[in-house]
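Coordinate analysis (summary)
Below, each chain spelled out in residue letters.
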Number of protein chains: 2
Amino acid sequence: MADILHRVGVKGAAPEDVYDALTTVDGLAAWWTEKTSGDGGLGGRLEFRFPPVGGFDMEVVETRPAERVTWRVVDGPEEWIGTTIDWRLRRDGDYTIILFEHQGWKEPVEFMNHCSTKWATYLLSLKALVETGAGAPAPHDLPISDWH
Amino acid sequence: MADILHRVGVKGAAPEDVYDALTTVDGLAAWWTEKTSGDGGLGGRLEFRFPPVGGFDMEVVETRPAERVTWRVVDGPEEWIGTTIDWRLRRDGDYTIILFEHQGWKEPVEFMNHCSTKWATYLLSLKALVETGAGAPAPHDLPISDWH
């Protein structure tokens with residue numbers, strides 16, 4: 001098993017602000033992909049789409065307000081199905097620290113390298129959204145390679 | 001053991017161009033940190049500094065022109081010592097694909113989350129350097145959190 005890890009700090013923001021951006025469709029659509037639908041509450045299902053290449057369906061398996069959100073991937077690329085995406089939030093001085101883990105990849109395939117870098121860019125989009133009001137969700141996301 | 005993985009594609013560039021940015025002091029200083037010194041050739045030692053917080057010393061343990069560069073960390077933060085940083089390059093259409101792995105972390109500590117995100121930003125700096133001639137090496141790097 002292999003995991004993707006990331007950490008960013010959102011300046012001048014409360015954990016509640018980041019939590020909202022992780023649990024509401026409007027929030028998610030403003031930093032990850034504009035094509036977000038579903039229900040970000042506990043037990044809900046979220047659909048993230050990235051036209052024309054597909055997307056991911058997540059089941060929300062844990063929510064602790066302002067502290068933690070966990071999704072399980074239930075549909076999408078084969079390598080993603082059954083993996084979990086875990087967000088932990090905490091306040092540290094003037095920052096909200098986001099600890100991100102995409103856990104349970106069966107093998108460290110090249111697609112995992114790509115997703116790791118791409119997650120970093122989306123975390124920076126989330127940080128920008130909460131700090132400035134403007135993120136860079138798909139299709140306005142930063143291209144990093146031939147795989148977009 | 002745990003690894004940090006990344007993948008970026010450098011558009012309109014040859015693997016030789018990326019290889020130069022990984023094996024020459026001028027190249028490294030233009031995307032990672034301006035305070036780079038030493039020798040990037042096989043068997044050489046490279047010193048990367050990030051004032052005021054310290055840095056890393058690497059031994060160059062593998063070089064295959066336009067294909068691969070591997071460093072072993074011989075000095076720096078305790079979590080980094082003994083880890084390896086591996087770069088694989090290949091041409092794919094109009095891109096040079098960079099597969100990056102920072103291998104052999106003893107434990108997935110929070111500092112590893114930070115370094116993973118930070119590596120992504122430096123890989124994007126390397127990509128920008130080769131594509132446009134201008135990277136964002138420290139101290140001009142993108143701050144991602146309270147840990148810089």
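As the structure is a prediction and not an experimental result, all values here were calculated from the model. (Residues numbered from 1 in each chain as written. Chains lettered and ligands numbered in written order. Predicted model: local features only at pLDDT ≥ 70, side-chain atom pairs only at ≥ 80, totals over all residues. Heavy atoms only, no water.)

**Here's the deal with the overall build of chain A**
- A count of helices and strands for chain A gives three helices and seven strands.
- Along its sequence from the N terminus, chain A presents helices and strands in the succession β-α-α-β-β-β-β-β-β-α.
- Relative to a compact globule of 148 residues, whose C-alpha radius of gyration would be 15 Å, chain A shows 14 Å and is just as compact.
- Oriented by its inertia axes, the alpha-carbon framework of chain A measures out at about 40 × 30 × 25 Å.
- Buried residues in chain A amount to 51% of all 148 residues.
- Put simply, 48% of the contacts in chain A that link residues at least 6 apart link residues at least 24 apart.
- Total accessible area on chain A is roughly 6,200 Å²; 51% of this is exposed by carbon and sulfur atoms.
- Treating the 14 positive side-chain charges of chain A as one cloud and the 24 negative ones as another, the clouds have centres 4 Å apart. (Helix = DSSP H or I, 4+ residues; strand = E, 2+ residues; numbered from the N terminus. Rg over C-alpha atoms; globule rule 2.2 N^0.38 Å. Buried < 20%, exposed > 50% of the residue type's maximum accessible area, 1.4 Å probe, protein only. Contact = heavy atoms within 4.5 Å. Areas by Shrake-Rupley, 256 points an atom, 1.4 Å probe, with all protein chains shown as cover. Lys, Arg positive; Asp, Glu negative; His and termini not counted. Charge placed at Lys NZ, Arg CZ, Asp CG, Glu CD.)

**Description of the pairing of strand S1 (residues 2-11) of chain A**
All names here are of chain A.
- Within S1, eight of the 10 residues are buried, which leaves the element mostly enclosed by the surrounding structure.
- Sheet analysis places S1 next to strand S7 (residues 95-105), joined by nine bridges and oriented antiparallel. Its bridge partner being in S7, Ala 2 is matched across the sheet by Trp 105. (Pairing = 2+ DSSP bridges.)

**Topic: the environment of A:Gly55**
Residues and elements named next belong to chain A.
- Secondary-structure assignment places Gly 55 in strand S4 (residues 55-64).
- Residues Gly 55 and His 140, spaced 85 residues apart in sequence, show a C-alpha to C-alpha distance of 16 Å.
- Beyond its immediate sequence surroundings of up to four residues, Gly 55 is in contact with Phe 48, Arg 49, Phe 50, Asp 75, Gly 76 and Pro 77.

**Digging into the side chain of B:Thr23**
Residue and element names in this part refer to chain B.
- Within the element layout of this structure, Thr 23 appears in helix H1 (residues 15-23).
- At 2.7 Å, the side chain of Thr 23 and the backbone oxygen of Tyr 19 are in polar contact.
- Contact partners of Thr 23, with chain neighbours within four places excluded, come to Gly 40, Gly 41 and Val 69. (Polar contact = N/O pair within 3.5 Å; in protein donor to acceptor, adjacent residues only side chain to side chain.)

**A look at the packing of aromatic side chains**
- Scanning the entire structure with this criterion turns up 38 aromatic pairs over all chains.
- Centroid distance A:Trp32 to A:Trp71: 6.2 Å. Interplanar angle 5°. Geometry classified as stacked. Of this pair, A:Trp32 sits in the loop between helix H2 (25-29) and strand S2 (35-38) while A:Trp71 sits in strand S5 (residues 68-75), and the two are 39 residues apart along the sequence. The pair A:Trp32 / A:Trp71 is uniform in exposure class, with both members buried.
- Taking NZ or CZ as reference, A:Arg7 lies 3.4 Å from the ring centre of B:Trp147, over its face. (Phe/Tyr/Trp six-rings, centres within 6.5 Å; stacked < 30°, edge-to-face > 60°. Lys NZ or Arg CZ within 6 Å of the ring centre and 35° of its normal.)

**What to know about the pattern of salt bridges**
- This model, assessed by the stated rule, comprises 28 salt bridges over all chains.
- The closest approach of N and O atoms between A:Arg45 and A:Asp57, which form a salt bridge, is 3.0 Å. Taken together, the residues span a long stretch of sequence, with A:Arg45 in strand S3 (residues 45-49) and A:Asp57 in strand S4 at a distance of 12 residues.
- Residue A:Arg45 is classed as partly exposed on the basis of its relative accessible area, which comes to 40%.
- Here A:Asp57 falls in the buried class, since its relative accessible area comes to 6%.
- As a salt-bridge pair, A:Glu110 and B:Arg7 come within 2.8 Å of each other at their nearest N and O atoms. Of this pair, A:Glu110 sits in helix H3 (residues 110-132) while B:Arg7 sits in strand S1 (residues 2-11), each in a different chain.
- Given the relative accessible area of 22%, A:Glu110 is considered partly exposed.
- Salt bridges here are not isolated pairs; linked through shared partners, they connect A:Arg7, A:Arg90, A:Asp92, B:Glu110 and B:Asp146. (Salt bridge = Lys/Arg side-chain N within 4 Å of Asp/Glu carboxyl O.)

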